[in-house]
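So the chains spell out like this:
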Amino acid sequence: MTDTPTPQDAHQAGPVHGDPQDTRPPLRRSREQKVVSGVCGGLGRFFDVDPVIFRVVLGVLAVSGGLGLILYGFAWLLIPLEGEEENEARRMLSGRVEGPALTAVLCALVGCGLFLSMLNNSAVMSFALMLTAALAGASYWSHHRHEPGGEAAVSAAQKAHKAQKTAAPPPETKAPPAPGGPSWWRDPIIKDGTTGPIGAGTGYLWGPDDGPQAAEERAPLRLRPAPAVTPLGGTPLGGWTFLVAVVALALGTGLSWRHQPLGTCLEIGLACALAVFGLGMTVSSRYGRTGGGTVVAAVLTALLLAGAAALPKSVSTQWTHSTWRPETVAAVRDEYRVGSGVGELDLTGLPWQRGGTVSTRAEVGAGQLKLTVPDDVTARITMDVGVGDIRLPGEARDDVDVRPEQKKHVTLEPQAGKPSRGTLEIRLKVGIGQVEVDRASS
């Protein structure tokens, strides 16, 4: 003989995972919490995470490698809108090409282009992949943290739920009758033949009381408003988060200042600050809404991190001024390099051999690179400037044309009437700054 669970046992077993009344809503793009297409609002509702977390993380991934645009575009295509069952990708495959689907495809394509352009930057790619993995792990934990403890508990809860469905429903609760005129049980007849209350104002021998306390108990139940939740006992998190982020930025940049290039130092410091902002928003999502200032600061930090990642690795943290004047051909080095500062290569004192060729290269990460050659030497110069200006002989000093990705190859012939004493082949490269070439009379 098997024991059949009673309705009371079913009630004690708790809600069943999978019950239509207790199931979390399916993954859909939100209509209410919508900034672009409702992807982050739907993800936040499905994983029980503040949508601001998804917006900030996807924004950071978008500017640091394009991975955020790829994820957002595919989520826009594959996740249906709330109240619909057909997604944008299915509409496209069926021939109904609409504006939202085209925008999602464009978003994903732009993200793919940025992602492919940043494949050579291992630091940015590693940061993007680690941030994506952290977001996925946090979402998975948040989604499953309310599930039952094991299969046995789920099985017992399902049996109790079935028993509760098959059990007879309890009788319907009816409201007590409204008080009317005098009656034999409310105002019983007393010895003199009249009616009236007996005792200390009770008004009945048995039955419900009509006093003010009973009337208050029969009044409709009023729900008390939920108390306002304040972060960590009323202490605002925005100011403290910003302060800790500034300290993390200073520590991360300062500890690596003497050992790493400028771009790497800034990447380490900004990554630490961004991690602090992310941790602060995670904590605030559990204890209250995230402030707008924290979100703006996190987005600005992400943009600065993307800019730091784009800095050439040749830019150093120390500003120097170097001058090179080789006096013999054998003294000419294969390469001259300055991290940050000014580099001057003066070849006017070099004893040139007629018909001979001198080859070298010079590079400045950030600053100015100046080359001086005699006016009776043929100079074949290849110049490569990331962002900056190129100034050739004969150009005015106030003629400054700053442009990105400047590449130029020029050949400077000796002045008219002067034979060439030799040939110079040189490559000049500047990450950020200016290349200047001058002629000096021999």
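In this text the structure is predicted, and so the values were computed from the model without any measurement.

About the thresholds
- Residues numbered from 1 in each chain as written.
- Predicted model: local features only at pLDDT ≥ 70, side-chain atom pairs only at ≥ 80, totals over all residues.
- Heavy atoms only, no water.
- Helix = DSSP H or I, 4+ residues; strand = E, 2+ residues; numbered from the N terminus.
- Buried < 20%, exposed > 50% of the residue type's maximum accessible area, 1.4 Å probe, protein only.
- Contact = heavy atoms within 4.5 Å.
- Areas by Shrake-Rupley, 256 points an atom, 1.4 Å probe, with all protein chains shown as cover.
- Patch = residues over 30% accessible without salt bridge, like charges linked within 9 Å, V, L, I, M, F, W, Y side chains within 5 Å.
- Salt bridge = Lys/Arg side-chain N within 4 Å of Asp/Glu carboxyl O.
- UniProt positions renumbered as here; feature names shortened; annotations may be inferred.
- Pairing = 2+ DSSP bridges.
- Axes fitted to C-alpha atoms, helices over the stretch in contact; angles between N-to-C directions.
- Expected span 1.5 Å × (residues − 1).

Some details on the overall build of the protein
Here is step 1 of the chain: Counting secondary structure elements, the protein contains twelve helices and six strands.
Here is step 2 of the chain: When burial is assessed residue by residue, the protein has 36% of its 442 residues classed as buried.
Here is step 3 of the chain: Of all intrachain contacts in the protein linking residues separated by at least 6 positions in sequence, the fraction that spans at least 24 positions is 67%.
Here is step 4 of the chain: Of the roughly 26,600 Å² that the protein leaves accessible, carbon and sulfur atoms contribute 60%.

What to know about unusual backbone geometry
Here is step 1 of the chain: The backbone phi angle of D48 is positive, close to 60 degrees, even though this residue is not glycine.
Here is step 2 of the chain: With respect to the helices and strands, D48 occurs in the loop between helix 2 (39-47) and helix 3 (51-63).
Here is step 3 of the chain: Look at D48 and you get partly exposed, because its relative accessible area is 35%.
Here is step 4 of the chain: For E405, which is not glycine, the phi torsion reads 55 degrees and is therefore positive.
Here is step 5 of the chain: Mapped onto the secondary structure, E405 falls in strand 5 (residues 403-412).
Here is step 6 of the chain: Classification of E405 as exposed rests on a relative accessible area of 61%.

With respect to a nonpolar patch on the surface
Here is step 1 of the chain: Side chains of V63, V296, V299, L300 and L303 sit close together on the surface and give an oily, nonpolar patch of about 390 Å² of accessible area.
Here is step 2 of the chain: For the nonpolar patch, the leading source of residues is helix 12 (residues 292-310), giving four residues.
Here is step 3 of the chain: By the element assignment, V299 lies in helix 12.

So, the UniProt feature "transmembrane region" (unreviewed entry) in the protein
Here is step 1 of the chain: On the UniProt side, "transmembrane region" (unreviewed entry) is annotated at positions that read residues 52-79, 99-116, 123-141, 237-257, 264-284 and 290-311 here.
Here is step 2 of the chain: When the span residues 52-79 is considered, its composition is 86% helix and 0% strand, and the gap between its end C-alpha atoms is 19 Å.
Here is step 3 of the chain: Counted over residues 123-141, helix gives 100% and strand 0%. Its end C-alpha atoms are 27 Å apart.

Comments concerning the pairing of strand 4 (residues 378-391)
Here is step 1 of the chain: Here strand 4 lies mainly inside the structure; ten of its 14 residues are buried.
Here is step 2 of the chain: Relative to strand 6 (residues 423-440), strand 4 runs parallel, the two being bridged by 13 bridges. Among the inter-strand pairings, I390 is bridged to a residue of strand 6, identified as V435.
Here is step 3 of the chain: One ladder, built from nine bridges, connects strand 4 with strand 5; its direction is antiparallel. Each bridged residue has a counterpart across the sheet, and for V385 the counterpart in strand 5 is Q406.

A few points about the sheet that holds strand 6
Here is step 1 of the chain: The strand order 1-2-3-6-4-5 describes an open sheet built from six strands, whose pairing is mixed. Edge positions in the sheet fall to strand 1 (319-324) and strand 5, since each of these pairs with one other strand and no more. Geometrically, the sheet is characterised by an average inter-axis angle of 15 degrees between neighbouring strands, direction not taken into account.

Description of the environment of L270
Here is step 1 of the chain: Residue position: L270 is located in helix 11 (residues 262-287).
Here is step 2 of the chain: Sequence-wise, L270 and T301 are 31 residues apart; in three dimensions their C-alpha atoms are separated by 6.4 Å.
Here is step 3 of the chain: Dropping the residues within four chain positions of it, L270 is found in contact with L249, T301, L304, L305 and A308.

Structural notes on helix 4 (residues 67-78)
Every α-helix carries 3.6 residues per turn, so stepping three or four residues along brings you back to the same face.
Here is step 1 of the chain: Over its twelve residues, helix 4 runs 17 Å from end to end, which matches the ideal 16 Å to within 8%, given 1.5 Å per residue.
Here is step 2 of the chain: Those residues of helix 4 lying buried are L67, G68, I70, Y72, G73, A75, W76 and L77.

A short note on the pattern of salt bridges
Here is step 1 of the chain: On inspection of all chains with the given rule, the structure shows 16 salt bridges.
Here is step 2 of the chain: When the shortest N-O distance is used, the salt bridge between E84 and R31 registers 3.5 Å. Taken together, the positions of E84 in the loop between helix 4 and helix 5 (88-93) and R31 in the loop between helix 1 (7-13) and helix 2 put the pair 53 residues apart, joining distant regions of the chain.
Here is step 3 of the chain: Between E363 and R337 there is a salt bridge whose closest N-O contact spans 3.2 Å. Separated by 26 residues along the polypeptide, E363 in strand 3 (residues 357-374) and R337 in strand 2 (residues 335-346) bring together distant segments of the chain.
Here is step 4 of the chain: Among the residues examined, E363 registers a relative accessible area of 8% and is labelled buried.
Here is step 5 of the chain: Three or more residues joined by partner-sharing salt bridges are found here, namely E335, R337, R361 and E363.

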